[in-house]
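Structural features, examined
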Amino acid sequence: MLTEQSAYTNRWRKVSPVAKGFFSLCGTIAAFAAGSPRTALLIALILAAATIRGAGIPPLRYLRVAAPALLFLAASCLSLVFSLDFGGTTGGAALYPAVAEFPRIAQVCCRSLACLTALLFLSLTTPLPDIITLLRHCKLPDTLLDLMVLCYRTLFVLSEAVHETITAQSARLGYASFRLSLRSLGSLLANLTVQVWQRSQALHLAALARNNDGALRFLESSHANASKSISIAAGAGAVMIALAVALP
Amino acid sequence: MSDSILKLEDVCYRYADGTRALDGCSLAIRRGARTAVLGANGAGKTTMFLHLNGILRPTAGQVLCEGTPLDYSRHGMRRLRSRVGMVFQNPDSQLFSASVREDISFGPMNLGLEEAAVRQRVEEALCAVGMADSADKPVHNLSYGQKKRVCIAGVLAMQPEIVVLDEPMAGLDAAMQDELTTILEKLHSGGMTIVVATHDLDFAYGWADESVVMDAGRLLAHGPPAEILRQKEVQSTLGAAPLVEEITRSLSLIGIDLRAKGYLPRSKKELLKAISDYAIQEGKP
Ligand SMILES: Nc1ncnc2c1ncn2[C@@H]1O[C@H](COP(=O)(O)OP(=O)(O)O)[C@@H](O)[C@H]1O
Ligand SMILES: [Mg+2]
């Protein structure tokens, strides 16, 4: 929900998603082009600064959104740092730090971090409908995108239904004990299944009534000064890649 | 009737589980009129509406559009549905996209219009329902009433001749009901034919030119609300009488006969006006 909120309220909300997508892509390329961990870190910093300073996402919120991914990244890096050795001198299994691999591990971790910030940039500045528009530009299959449109919309409808059911169940002591909780959860699932079915039926009728015959077609959102912002994004992206390539 | 735009002739409909939802309904919808379809829950209003734009097909009887029976082929349905717009009751089960503009564009895009034309229609529809300011909000952050207006805009953008609204007032507070009435009034003065299902007797009494009363799949009465909704039989079926009508009747019991003076108030405003006029005439300002 934090991501969602930021995507709709940030300063760059109205900027063309193509520009933002392009900048994010350039960030990813720069991350891979970076020759050293230091350069990759620099790229990550630039991307984070663009998100926080440029789009005006509050730093604390940025950290909270990034935290789960960062934890995951840290865990994977730690697991790279330590190697398991079987049948060494002691005979048993031993955990030891792979000192020789440290530079490569640092490189991988910093690169991942830079890629992460590039993705965060896109997801925190661009509402999902805009991202779907962007993917449509990239000629992704329509069926997939239609599914995304419907899923995104249904997510909110269903989460509301779940909240309402749980509130109603709690009001009648449905979660007062473990046994009751299990029962309530079961009936929640059953209820939800029926609702999903009914809602899909209703959506189908609504689509028919609005003359639909298969593919979901929508007007693409238009963005003022799209070409200007795309050139700016391309320029900034190119600088980033150049930095990554030029720095040792 | 030559000026009827849609007509049901002895329409019966039976759902797959055997429920007889419509039982010999005959009804003509007059072009340009405001028709209110009244009936308790389960009377068959929604089922009848689904027949009006060909989503359901009668098990017996037929539906006519301008005198010709509906053509249920793909092509025929396309034509019919671009003329008859339908707004369903629950906004959450008819909004497809999380973006207001995108959702409104859905119908016009299905009509195969050019992008510029679609864009213009979307903006016009947004203005018609007073949602131009909220067009950039995601649908899930809108209030119930706003979602309802987006649904109406989605249908208006297809520029139909007839708009059919299923219980549009349900779940709206008094202020939002007034706003919606204003929107409907604007559409009516623009020449649109409007059909509304409701169980709000007072609204139907004040707003409609034609009222249709349904009970258990049957058509009980059809005619001007001032006649139909004053019938004892209709009132006992619906379980109530329009408040304005009851007050007028009660006043006549204590000697204030507004009807005799030629007043036939249909809304609260008209009633108050009639009473104050009456007072002035009687010399009691
Ligand atoms: N999909 C369905 N399957 C079976 N019966 C239905 C279905 N939809 C409605 N009905 C039944 O048809 C009757 C008329 O329903 P409906 O047209 O929804 O009434 P209203 O809109 O006036 O409340 C009701 O008895 C209802 O239970
Ligand atoms: Mg209904």
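Up top you'll find the structure we're talking about.
Keep in mind that what you see is a predicted model, and the values were worked out from it rather than measured. (Residues numbered from 1 in each chain as written. Chains lettered and ligands numbered in written order. Predicted model: local features only at pLDDT ≥ 70, side-chain atom pairs only at ≥ 80, totals over all residues. Heavy atoms only, no water.)

1. A closer look at the overall build of chain B
We apply this condition: Where helices and strands are cited, they refer to DSSP runs of H or I of at least four residues and of E of at least two residues respectively, numbered from the N terminus. As defined in this context, the radius of gyration uses C-alpha atoms, and a globule is described by 2.2 Å times the residue total to the power 0.38. Each residue is placed in one exposure class: buried if its accessible area under a 1.4 Å probe, protein chains only, is under 20% of its type's maximum, exposed if it is over 50%, and partly exposed if it falls in between. Here a residue-residue contact requires only that any non-hydrogen atoms of the pair lie within 4.5 Å. The Shrake-Rupley method, run with a 1.4 Å probe sphere, supplies the accessible areas, and residue values consider only the shown protein chains as cover. Under this rule, positive means Lys or Arg and negative means Asp or Glu; His and the chain ends count for nothing. Each charge is placed at NZ for Lys, CZ for Arg, CG for Asp and CD for Glu.
In terms of regular secondary structure, chain B is built from eleven helices and ten strands. The C-alpha radius of gyration computed for chain B amounts to 20 Å, which stays within 12% of the reference 19 Å derived for 285 residues, consistent with globular compactness. Here chain B, with 285 residues, has 52% of them falling under the buried criterion. Contacts spanning at least 24 positions in sequence make up 62% of the contacts within chain B whose residues lie at least 6 apart. For chain B, the accessible surface area stands at approximately 12,400 Å², while carbon and sulfur atoms represent 51% of it. Charge centroids of chain B, computed over 32 positive and 36 negative side chains, lie 2 Å from each other.

2. Quick look at a nonpolar patch on the surface
To keep it simple, the criterion reads: Think of a patch as exposed residues, more than 30% relative accessible area, with no salt bridge, where like charges cluster within 9 Å and nonpolar side chains (Val, Leu, Ile, Met, Phe, Trp, Tyr) cluster within 5 Å. We define a salt bridge as a contact between a side-chain nitrogen of Lys or Arg and a carboxyl oxygen of Asp or Glu at a distance within 4 Å.
Side chains of A:Leu78, A:Phe82, A:Leu84, A:Phe86 and A:Leu95 sit close together on the surface and give an oily, nonpolar patch of about 570 Å² of accessible area. Classification of A:Phe82 by relative accessible area gives partly exposed; the value is 38%.

3. Topic: the interface of chain B and chain A
To keep things clear, this is the line we draw: N or O atoms within 3.5 Å of each other form a polar contact, as long as, within protein, one can give a hydrogen and the other can take it, and as long as residues adjacent in sequence are counted only when both atoms are side-chain atoms. In the scheme used here, Gly and all other residues not listed as nonpolar or charged are polar, with Ala, Val, Leu, Ile, Met, Phe, Trp, Tyr, Cys and Pro taken as nonpolar and Asp, Glu, Lys and Arg as charged.
Between chain B and chain A, the contact holds 40 residues from the first and 32 residues from the second. In this structure, the connection of chain B to chain A is made through four salt bridges. Its salt-bridge partner being B:Asp136, residue A:Lys14 comes within 3.0 Å of it at the nearest N-O pair. Taken together, chain B and chain A are joined by 13 residue pairs in polar contact (both at pLDDT 80 or more). Where the side of chain B that touches chain A is concerned, the elements lending two or more residues are α2 (74-83), α3 (100-110), α4 (115-128) and α5 (144-156) of chain B. Per element, the largest residue contribution to the side of chain B that touches chain A is eight residues, and it comes from α3(B). Class assignment for the residues of the side of chain B that touches chain A results in 18 nonpolar, twelve polar and ten charged.

4. With respect to the pattern of salt bridges
Residues and elements named next belong to chain B. Scanning the model with the defined rule gives 26 salt bridges over all chains in all. The salt bridge involving Arg31 is made with Glu66; its shortest N-O contact spans 2.4 Å. In this pair, Arg31 is assigned in the loop between β2 (20-30) and β3 (34-38) and Glu66 in the loop between β4 (60-65) and β5 (68-69), connecting sequence segments 35 residues apart. Given a relative accessible area of 39%, Glu66 falls into the partly exposed group. Residues Arg101 and Glu123 are paired through a salt bridge, measuring 2.7 Å at the closest nitrogen-oxygen approach. Of this pair, Arg101 sits in helix α3 while Glu123 sits in helix α4; the two residues are 22 residues apart in sequence, bridging distant segments of the chain. Residue classification places Glu123 among the partly exposed positions, given a relative accessible area of 30%.

5. Remarks on the site of ligand 1
Residues and elements named next belong to chain B. The line we're drawing: Working definition: residue near molecule or strand if any one of its non-hydrogen atoms lies within 4 Å of it.
Close to ligand 1 lie Tyr15, Asp17, Thr19, Ala21, Ala40, Asn41, Gly42, Ala43, Gly44, Lys45, Thr46 and Thr47. The contact in question runs from an oxygen atom of ligand 1 to an N or O atom on the backbone of Gly42, over 2.7 Å. At 2.6 Å, a side-chain N or O of Thr46 approaches an oxygen atom of ligand 1. For ligand 1, whose accessible area on its own is 560 Å², the fraction buried by protein is 63%. Looking at the shell around ligand 1 residue by residue, the classes come out as four nonpolar, six polar and two charged.

6. Some remarks on the state of the cysteines
Put plainly, two cysteines are in a disulfide when a covalent bond ties their sulfur atoms together. The test is simple: Cysteine sulfurs are considered disulfide-paired once they come within 2.5 Å of each other.
Inspection of every chain in the model, using the stated rule, returns one disulfide over all chains. What pairs with A:Cys77 in a disulfide is A:Cys109, and their sulfur atoms sit 2.1 Å apart. The sign of the -135° torsion about the S-S bond sets the A:Cys77-A:Cys109 disulfide as left-handed. Of this pair, A:Cys77 sits in helix α4 (residues 59-81) while A:Cys109 sits in helix α5 (residues 102-125), and the two are 32 residues apart along the sequence. There is no split in this pair, since A:Cys77 and A:Cys109 are both buried. Free of any disulfide, A:Cys26 has its nearest neighbouring cysteine sulfur in A:Cys115, separated by 13 Å. Exposure remark for A:Cys26: the relative accessible area of 6% places this residue in the buried category. B:Cys65 takes part in no disulfide bond, and the closest cysteine sulfur, belonging to B:Cys25, lies 18 Å away. With relative accessibility at 10%, the residue B:Cys65 sits in the buried group.

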